[in-house]
Amino acid sequence: MSTQGGPTGLSERALGPDLARGFMLLFIALANSHYFVAGREYFGGFPTDGSPVDRGIGLLISTLVDGRAFPMFGVLFGYGVAQIVRRQRETGKEWWPIRKLLWRRSLVLVVLGFLHAMLLYIGDILAAYGVLLFLGVWALRWKDRWLFLVAALVLVLTALPSGDSLAGSADGPDPSMLPATFFGQFPDRLVVQPFIAGLGWIGFVTPFLIGLWAGRRRILERPAEHLTLLRTTALLGLTIAILGALPMSLVVGGVLTRPSDYAVTILGPLHDATGVFGGFGYAALIVLTAHRLGDRQGPVTVAIAAVGQRSLTCYLAQSVVWAAVFTPYLLDLSDTLTTTTTALLAVATWLATILLADRMRRANYRGPFELLIRRITYQPKRTAATRSRNSGSRA
């Protein structure tokens, strides 16, 4: 068991959530990288002048990945917060110290997200998660019905007609994504990053609150007790997500012509809102897969779960690749790579993080950024011997 309410040890972690995080980092890579690809015209973050293969790959990513991967991480983020709260309460901690612990965690995410956006990838979501956690601590004591009510309300609001959805955007890469010089990137990013951090968290509210509810019941850790719920969620969630994505993704694939601007304001938010159900569906499907595997975990499963255990480090490692490959003052391959070759790059990057994470697993090493966030979050108390040594050194 975890001692004194600290972080869960690697040997104590359930396979399902870790496998979900590890596998879905592939989708995160696919979702983030295509926004760098250059073209003459765009729709939904994809160049519309690519080859038929490019359009087909874009259709698949728009249908199965875009707006579907990040909500799943929102669910797991809320689930993880519920786990932290449960462990702290089991050690007798009151609510105020628990809130302060989570606020420290949110501060780390905001600062780390800011640095990530300034130096590597402006599309950072860590700071948005930090803001969400800072505000979300007040939901920790809500009754279940309030979690569902607020989650449903926010989902309805995000589904209202809007011209802000990336699913229907006709814009190419933002200038802040492809800066011409190292120092020249900061003015643009200093403007864009607070906007993303300050508003981006809204889209994660619904999966976060549902994740809190699921974490209270340990649904992802004890799938055998919730098989009907998980199977229903996987089937309905993914069906809704795919059907809701098709009006936009078929345009990306060149099957349908671009709809009117008015239609885009309706279909774009529909694409995004149904993606939340896809996040639920993917989480349920992967946890069911982990349950079916049971103790029959081969080296591939163990390695992907190792990525999930080090998801923060592996997420940031992806951004190192995007910065090196696409930034104009580095390799500058935005005009060279296509939707297809960028997707291959995303897969290769994910595979590289699997090798990296498995190497760290074999070395019994948590991961640099996981250690950082835990050290600041939990602030382990110094032992009497340590205090004595420090006092002696000061003397």
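Keep in mind that this is a model prediction, so the values were computed, not measured.

What counts and what doesn't
- Residues numbered from 1 in each chain as written.
- Predicted model: local features only at pLDDT ≥ 70, side-chain atom pairs only at ≥ 80, totals over all residues.
- Heavy atoms only, no water.
- pLDDT = per-residue confidence, 0-100.
- Contact = heavy atoms within 4.5 Å.
- Axes fitted to C-alpha atoms, helices over the stretch in contact; angles between N-to-C directions.
- Helix = DSSP H or I, 4+ residues; strand = E, 2+ residues; numbered from the N terminus.
- Parallel < 35°, antiparallel > 145°, perpendicular 65-115°, else oblique.
- Nonpolar A, V, L, I, M, F, W, Y, C, P; charged D, E, K, R; others polar.
- UniProt positions renumbered as here; feature names shortened; annotations may be inferred.
- Buried < 20%, exposed > 50% of the residue type's maximum accessible area, 1.4 Å probe, protein only.
- Core = buried A, V, L, I, M, F, W, Y, C linked by side-chain atoms within 4.5 Å.
- Left-handed = near helix turned anticlockwise from the far one by under 90°.
- Expected span 1.5 Å × (residues − 1).
- Bend = angle between axes of the 7 residues up to and from the residue.

Caption draft 1: Here's a closer look at the confidence of the model for the protein. Taken residue by residue, the protein gives an average pLDDT of 91. The fraction at 70 or more is 93%. Segment residues 382-395: pLDDT under 50, and two contacts once partners within four positions in sequence are set aside and those in other chains are kept.

Caption draft 2: Examining the packing of helix α2 (residues 52-64) against helix α13 (residues 339-362) more closely. At a closest axis distance of 8 Å, the pairing of α2 and α13 adopts a crossing angle of 50°. Relative to α13, the element α2 lies oblique. Every residue of α13 that contacts α2 at Val 53, Asp 54, Ile 57, Gly 58 and Ile 61 is listed here: Thr 339, Thr 340 and Ala 343. Of the residues in the contact of α2 with α13, the class split is four nonpolar, three polar and one charged.

Caption draft 3: Structural detail: the UniProt feature "domain: DUF418" (unreviewed entry) in the protein. Sequence positions flagged by UniProt for "domain: DUF418" (unreviewed entry) are, in local numbering, residues 214-378. Measuring from the first to the last C-alpha atom of residues 214-378 gives 23 Å, for a span that is 76% helix and 0% strand.

Caption draft 4: A look at unusual backbone geometry. Even without glycine at this site, Asp 332 takes up a positive phi of about 55°. Even without a glycine there, the phi angle at Asn 364 is positive, about 60°. The residue Asn 364 is located in the loop between α13 and α14 (368-378) in this model. Given a relative accessible area of 65%, Asn 364 falls into the exposed group.

Caption draft 5: Just the environment of Arg 231, in detail. Tracing the backbone through its elements, the reader meets Arg 231 in helix α9 (residues 227-252). Taking C-alpha positions, Arg 231 is 25 Å from Leu 153, a pair spaced 78 residues apart along the chain.

Caption draft 6: Representation of the nonpolar core in the model. Membership of the largest hydrophobic core comes to 103 residues, with the highest contact counts inside it found for Leu 102 and Leu 212. Here this core takes twelve residues from helix α3 (residues 69-90), the largest share from any one element. When near neighbours in sequence (up to four residues on either side) are disregarded, Leu 102 contacts Val 81, Ile 84, Val 85, Leu 133, Val 137 and Leu 140.

Caption draft 7: Representation of the packing of helix α4 (residues 95-119) against helix α7 (residues 185-200) in the model. At their nearest, the axes of α4 and α7 sit 9 Å apart, and the two run at 140° to each other. When the interaxial angle is binned, α4 and α7 end up oblique. The two elements α4 and α7 cross, and the hand of that crossing is right-handed. Across from Gly 113, Phe 114, Ala 117, Met 118 and Leu 119 in α4, the residues of α7 making contact are Gln 185, Phe 186, Arg 189, Leu 190 and Gln 193.

Caption draft 8: A look at the environment of Gly 163. Along the chain, Gly 163 turns up in the loop between α6 (144-158) and α7. In sequence terms Gly 163 and Lys 100 are 63 residues apart; their C-alpha atoms lie 38 Å from each other.

Caption draft 9: How the structure looks around helix α5 (residues 126-136). Across the eleven residues that make up α5, a large majority, eight, are buried. Considered for burial, the residues of α5 that qualify are Leu 126, Ala 127, Ala 128, Tyr 129, Gly 130, Leu 132, Leu 133 and Gly 136. Contacts from the buried residues of α5 go to α3, α4, α7, α8 (205-217) and α12 (311-326).

Caption draft 10: Broad picture of helix α10 (residues 261-293). When the terminal C-alpha atoms of α10 are compared, their 47 Å separation across 33 residues agrees well with the 48 Å that a helix rising 1.5 Å per residue should span. In the structure, α10 departs most strongly from a straight axis at Val 276, where the bend amounts to approximately 25°. Downstream of α10 by one or two residues, Gly 294 has phi in the positive range, about 60°.

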